[in-house]
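As a plain string of letters, each chain reads:
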Number of protein chains: 2
Amino acid sequence: MFKPARHGEVGGVSLQRSQQQKPLRSHDRLNLCAEMSHKIVNLRVRDVRFPTSLEQHGSDAMVRSLCSSFSTRVHVRIHRHSHKNETFPPPLMSTLQHTDPDYSAAYVVLDTDSGLKGFGLTFTLGKGTEIVLCAVKALAGLVIGKSLQEIVSNFRGFYRLLTSDGQMRWLGPEKGVIHLATAAVLNAVWDLWARAEGKPLWKLLVDMDPKQIVSCIDFRYITDVLTEEEALDILVKAQEGKKQREDQMLKEGYPAYTTSCAWLGYSDQQLKQLCSDALKSGWTRFKVKVGADLEDDIRRCRLIRKMIGPSSTLMIDANQRWDVAEAISWVSRLAEVKPLWIEEPTSPDDILGHAAISKALAPLGIGVATGEQCHNRVMFKQFLQASALQFVQIDSCRLGSVNENLAVLLMAYKFQVPVCPHAGGVGLCELVQHLILFDYICVSADLRNRMCEYVDHLHEHFTSPVVIQDAHYMPPKDPGYSCEMLEESVNRHEYPEGDIWKQEIQK
Amino acid sequence: MFKPARHGEVGGVSLQRSQQQKPLRSHDRLNLCAEMSHKIVNLRVRDVRFPTSLEQHGSDAMVRSLCSSFSTRVHVRIHRHSHKNETFPPPLMSTLQHTDPDYSAAYVVLDTDSGLKGFGLTFTLGKGTEIVLCAVKALAGLVIGKSLQEIVSNFRGFYRLLTSDGQMRWLGPEKGVIHLATAAVLNAVWDLWARAEGKPLWKLLVDMDPKQIVSCIDFRYITDVLTEEEALDILVKAQEGKKQREDQMLKEGYPAYTTSCAWLGYSDQQLKQLCSDALKSGWTRFKVKVGADLEDDIRRCRLIRKMIGPSSTLMIDANQRWDVAEAISWVSRLAEVKPLWIEEPTSPDDILGHAAISKALAPLGIGVATGEQCHNRVMFKQFLQASALQFVQIDSCRLGSVNENLAVLLMAYKFQVPVCPHAGGVGLCELVQHLILFDYICVSADLRNRMCEYVDHLHEHFTSPVVIQDAHYMPPKDPGYSCEMLEESVNRHEYPEGDIWKQEIQK
């Protein structure tokens, strides 16, 4: 059911009074850091999985294509009852029957000697989360023993330490599992920093001196497009009007679009109902999944365009389903429904492919959007250099946390390409809203063609869930990076020991 | 000490008589497969590490740059004696003190119901190998229970199954840890196939029908550059002269170059001695590590150029040390020593950066080589499209095994860019020699500007180690993919339980 959250109410749970009324603090300096060093004494990481595949939320063209690729796929299916007799342990086998995603997270908690904690996560799709956990543990030795003060006083160095370890760098560099783990760890460090300052993360960034922001960024491999001096210059110039924009955001929020209406697994009846509900709640921007079957796509896109009318915005998302030529011909057939963008038309690694698609679709008025699987700043740099995208979709858990996202926001600004963050999954909305608020207030100062993805799933598991009001993200007020989960949710969904999974395995 | 292996003698160990005399079998069809299905009943994976960092083998500019990037690096160093009191287990902590690589492998053994085994590995640098093991285990469920016959009769589907699992694909796709794990598993499957056919892998490929070769390749995301039909056409045309080239290889071997002389950690005296020994053993192609200090590089390169004379070939390797502008200016200063190529001048992800460097260095007669960290065929495709490299350095353990390497060999042929494989580490020479033999015999039919890297390390741990004769790789004769390790070596070097590591930890 589509159920957009109202301000003060999220996922049916009323926000605590203290949270709504808590005033923002506007420190200009790292007061708390100066008072206390917050030495990190432990790092815990947990495998938290939500069985979303059971309801076909998150179903897209790519996961649906797998089944047709190997004729003997029956071997992939492991019967739930049989795993106890297998050589491999149950944790491996018991999710093998899912092809749709189980939204999951490698969830990190940092403990400090002051009692303050930092919470971070990286998003995953179920199977393989245990690999990310293993990678987080491998990074833990670089984090434990350091104080927050020590880290943030040389954050670029710390970022480099995590991403350039002489032995572990081979496993990336800065890509795949090891970079997802880096994101989880650094997200927790940023959360810790914001809590230490008593501010939500976006406000920590907004109040930060431009020089300090730049000092968090590793410019290695991007200086041919953005130097430290240029970055500083952009941030200093954007100081003008900053206060106004912050006030505007606090009042109006940041525009959002919804992906909750049109997953591939939904029936037409479901689509219509969800669309109708969303329109009533004030949504004007909609994204539809495409790519599995062209005729089906045409029918579904027409249906939605008819529902939302000509003035609303429609985007389409293929989740990497096509090769270059097929992307161009398929999307051309969908031009009649006037999509603003086609998202992930092909491999996320294919910069030149995206450039070719962009060029072919430009005359039809359709842009190309990508980024949720763009693995680091070096890739984003080239997508921008090659005019291979018209919408930059940053992700809070794929890139190396805030540090690397700052680099991408600044490069996007330099190329004057709008940033429209990827969100959804579990925790992604909670995290990325902070980044896009900072982008508007301190970098882009522009809302044209800009909006942040919103999916109405799993927010109820967070202590400070997103607040959506009239299809806008309202700025978070609680200190931190908004990705602390309710302890009970973590316990219930921990894989495979949590109650939810014990029940699934017993079925 | 430099000690090139002679034919029939590797690393001081004489080859077994049976191995030298075993004749090549030239089946045209999958006889053994037809006779027996070889159902895979178990997959074992082990963490095998060699403490190479103790001797500074493998030292390059990148691992050496880490130390300067974070002032408080002392925290990274964990005292060997203290780990028992830490929260984290010894496997994590005990290698943290190394910055130079410990050549390692995630080593896979497939057991079948026929008793035949398949051996595969992916190469790593020490720390983090346990993460790759975890990923291999996550893939195991897709392999166990399938027969070799079932896999190879739809190898493209099986490749897609491993790389496109609906949930695990998020962790890549086709990059980083999950793709290294895929390589290890598929290398073992190819080894099993070659053993089932009673042939060394290169010979299995050489004897294979072009249609069957093409059926092993996943063309997804590369059809804008190479279609299945084009690939088939290339292979069919190269059938001419195949027998001659095979005979030539059996007689002369495939040309090699050596990287054993000039690691950054070696003294000038060591450099001279190694160079002198190598020249005596017939080596004419040498690679030098550069990138840590320009004046030092100039001195060392001059020294080596003087030693080897003007007619020998010199290559330089920066291991991703620079940004684009710095790469161009640094390498321009080294032009006087006439290097054939500069290898890995910048980020392995930076296609457009490599293109800019290629363009700038072309007038100096210096090419750009890269590939050992080029993570999949989509990236290689673009490097070729953008004229971003003049030498393709395939890797047997980074790409998705033989399947993906076949795609890259064929694309390189289409662009007429020579392939010069990356090797060294542990097992890489053993594996990649098969691929480059196939490339010459069945694809390129060309030896100009082509050679395969050779490093004189750790061959003694393999049951069928490489055979180097007069600076040429002599075609392997034993059935399989040459990466079976001696059981005793695996036991001694298994991390952290093996004797070698127990001793290290006790020191």
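Residues numbered from 1 in each chain as written. Chains lettered and ligands numbered in written order. Predicted model: local features only at pLDDT ≥ 70, side-chain atom pairs only at ≥ 80, totals over all residues. Heavy atoms only, no water.

Chemist: Explanation requested: the interface of chain B and chain A in the structure shown.
Modeler: It is common to give the size of an interface as the accessible area lost on bringing the parts into contact. Taken together, the contacts link 93 residues of chain B with 93 residues of chain A. Of the roughly 7600 Å² buried at the junction of chain B and chain A (both faces included), carbon and sulfur atoms supply 61%. Counting the contacts that link chain B with chain A gives 6 salt bridges. The shortest N-O distance in the salt bridge between K381 of chain A and D350 of chain B comes to 2.5 Å. In this assembly, chain B and chain A are joined by 36 residue pairs in polar contact (both at pLDDT 80 or more). Per element, the largest residue contribution to the side of chain B that touches chain A is 8 residues, and it comes from helix 5 (residues 129-140) of chain B. The residue makeup of the side of chain B that touches chain A, split by class, is 41 nonpolar, 32 polar and 20 charged. (Contact = heavy atoms within 4.5 Å. Buried area = accessible area lost by both parts, 1.4 Å probe. Salt bridge = Lys/Arg side-chain N within 4 Å of Asp/Glu carboxyl O. Polar contact = N/O pair within 3.5 Å; in protein donor to acceptor, adjacent residues only side chain to side chain. Helix = DSSP H or I, 4+ residues; strand = E, 2+ residues; numbered from the N terminus. Nonpolar A, V, L, I, M, F, W, Y, C, P; charged D, E, K, R; others polar.)

Chemist: Looking at this structure, I do not really get the packing of aromatic side chains. What am I missing?
Modeler: Each aromatic ring pair is specified by the distance between its two centres and by the angle formed by the two planes. Residue and element names in this part refer to chain A. One pass over the structure, following the stated rule, counts 27 aromatic pairs over all chains. Look at Y454 and Y473: their rings are 5.9 Å apart centre to centre, the planes differ by 85°, and that puts the pair in the edge-to-face class. One end of the pair, Y454, is in strand 12 (residues 452-454); the other, Y473, is in strand 14 (residues 472-474), and 19 residues separate them in sequence. The class for Y454 is buried, based on a relative accessible area of 0%. (Phe/Tyr/Trp six-rings, centres within 6.5 Å; stacked < 30°, edge-to-face > 60°. Buried < 20%, exposed > 50% of the residue type's maximum accessible area, 1.4 Å probe, protein only.)

Chemist: Would you take a moment to explain the pairing of strand 6 (residues 254-262) of chain A for this structure?
Modeler: Within a regular strand, side chains alternate between the sheet's two faces. Residues and elements named next belong to chain A. Of all 9 residues in strand 6, 9 are buried; the element is thus mostly enclosed. Two strands pair when backbone bridges link them, and strand 6 and strand 14 are joined in this way by 2 bridges, in the antiparallel orientation. When the bridges of strand 14 are listed, P255 appears paired with H472. When strand 6 meets strand 12, the two strands line up parallel, connected through 3 bridges. From the neighbouring strand, A256 faces strand 12, where its bridge partner is C452. Pairing analysis gives 2 bridges linking strand 6 to strand 7 (residues 285-289), with the strands arranged parallel. Bridge assignment links T258 to a residue of strand 7, and that residue is F286. (Pairing = 2+ DSSP bridges.)

Chemist: For this particular structure, what's the right way to read the packing of helix 11 (residues 228-237) of chain B against helix 18 (residues 401-414) of chain B?
Modeler: A pair of packed helices is captured by two measures, namely the crossing angle of their axes and the spacing between those axes. Residue and element names in this part refer to chain B. With their axes 10 Å apart at the nearest point, helix 11 and helix 18 run at an angle of 80° to one another. Between helix 11 and helix 18, the angle falls in the class roughly perpendicular. Contacts from E230, A231, I234 and L235 of helix 11 reach helix 18 at L410, Y413 and K414. In the contact of helix 11 with helix 18, the residues fall into 5 nonpolar, no polar and 2 charged. (Axes fitted to C-alpha atoms, helices over the stretch in contact; angles between N-to-C directions. Parallel < 35°, antiparallel > 145°, perpendicular 65-115°, else oblique.)

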